[in-house]
Amino acid sequence: TGKCEFENCTEPATHIACGRSMEIDGIETQHPKPACYCITHARQVADECCPEYTAECPNCNCLFGVN
């Protein structure tokens with residue numbers, strides 16, 4: 001429930017997604033912690049750092065990248 005947690009998005013949150021961690025000069029630049037997003041941003045977050053493919057959890061339908 002609530003709004004998408006992606007920066008500046010006001011769409012309703014419908015999916016949980018987790019991106020990859022990437023650090024540049026000690027600053028985390030991606031979305032490595034699971035959070036609630038609209039479907040568009042959930043797919044974008046799951047594709048961060050170019051995983052080989054993305055998977056949808058059969059238990060809760062969250063999206064995450066897989067190598």
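I will try to describe carefully the structure that is included in this document. Keep in mind that this is a model prediction, so the values were computed, not measured.

### Quick word on the overall build of the chain
If you tally the helices and strands in the chain, you get one helix and six strands. Listing every helix and strand of the chain by position from the N terminus yields β-β-β-β-α-β-β. Relative to the 2.2 N^0.38 estimate, which gives 11 Å for 67 residues, the radius of gyration of the chain is 12 Å and therefore close to what a compact globule would have. When the 67 residues of the chain are sorted by exposure, 31% land in the buried category. Within the chain, contacts between residues at least 6 apart in sequence are counted, and of these 41% link residues at least 24 apart. Here the chain displays about 4,600 Å² of accessible surface, and carbon together with sulfur accounts for 50% of that area. Of the side chains in the chain, 4 bear a positive and 10 a negative charge, and the two mean positions are spaced by 6 Å.

### Overview of the sheet that holds strand E6 (residues 63-66)
Neighbouring strands of a sheet are bound in pairs by backbone hydrogen bonds; such pairs are parallel or else antiparallel. On the basis of which strands lie adjacent, the open sheet formed by four strands has the order E4-E1-E6-E5 and mixed pairing. Edge positions in the sheet fall to strand E4 (35-37) and strand E5 (53-56), since each of these pairs with one other strand and no more. The average angle at which neighbouring strand axes cross in this sheet is 40 degrees, direction not considered. Looking at chain direction, E5 and E6 are connected through four bridges and run antiparallel. Bridge pairing links Tyr-53 to Val-66 in E6.

Cut-off values and rules
- Counting of residues starts from 1 at the beginning of each chain's written sequence and follows it residue by residue.
- Local features in this predicted model are restricted to residues whose pLDDT is 70 or higher, and side-chain atom pairs enter the listing and the counts only when it is 80 or higher, whereas totals over whole chains, interfaces and linings include all residues.
- The side-chain figures draw on all heavy atoms in the structure; neither hydrogens nor water molecules are used.
- The numbering of helices and of strands both runs from the N terminus, where a helix is a DSSP run of H or I of at least 4 residues and a strand a run of E of at least 2.
- With C-alpha atoms as the basis for the radius of gyration, the globule rule is written as 2.2 Å multiplied by the number of residues raised to the power 0.38.
- Summary of the burial criterion: residues with accessible area below 20% of their type's maximum are buried, those above 50% are exposed, and those between are partly exposed, where the area comes from a 1.4 Å probe applied to protein chains only.
- For this analysis, residues touch if any pair of their heavy atoms sits within 4.5 Å.
- Here the accessible surface of atoms and residues is derived via Shrake-Rupley with a 1.4 Å probe, and residues count as covered only by protein chains that are part of the display.
- Neither His nor the chain termini are counted; the positive set is Lys and Arg, and the negative set is Asp and Glu.
- Note on charges: their place is set at NZ of Lys, CZ of Arg, CG of Asp or CD of Glu.
- Only when DSSP finds a minimum of two bridges between them are two strands counted as paired.
- Between N-to-C directions, angles span 0 to 180 degrees; the directions come from axes that are lines fitted to C-alpha atoms, helices contributing only their stretch in contact.

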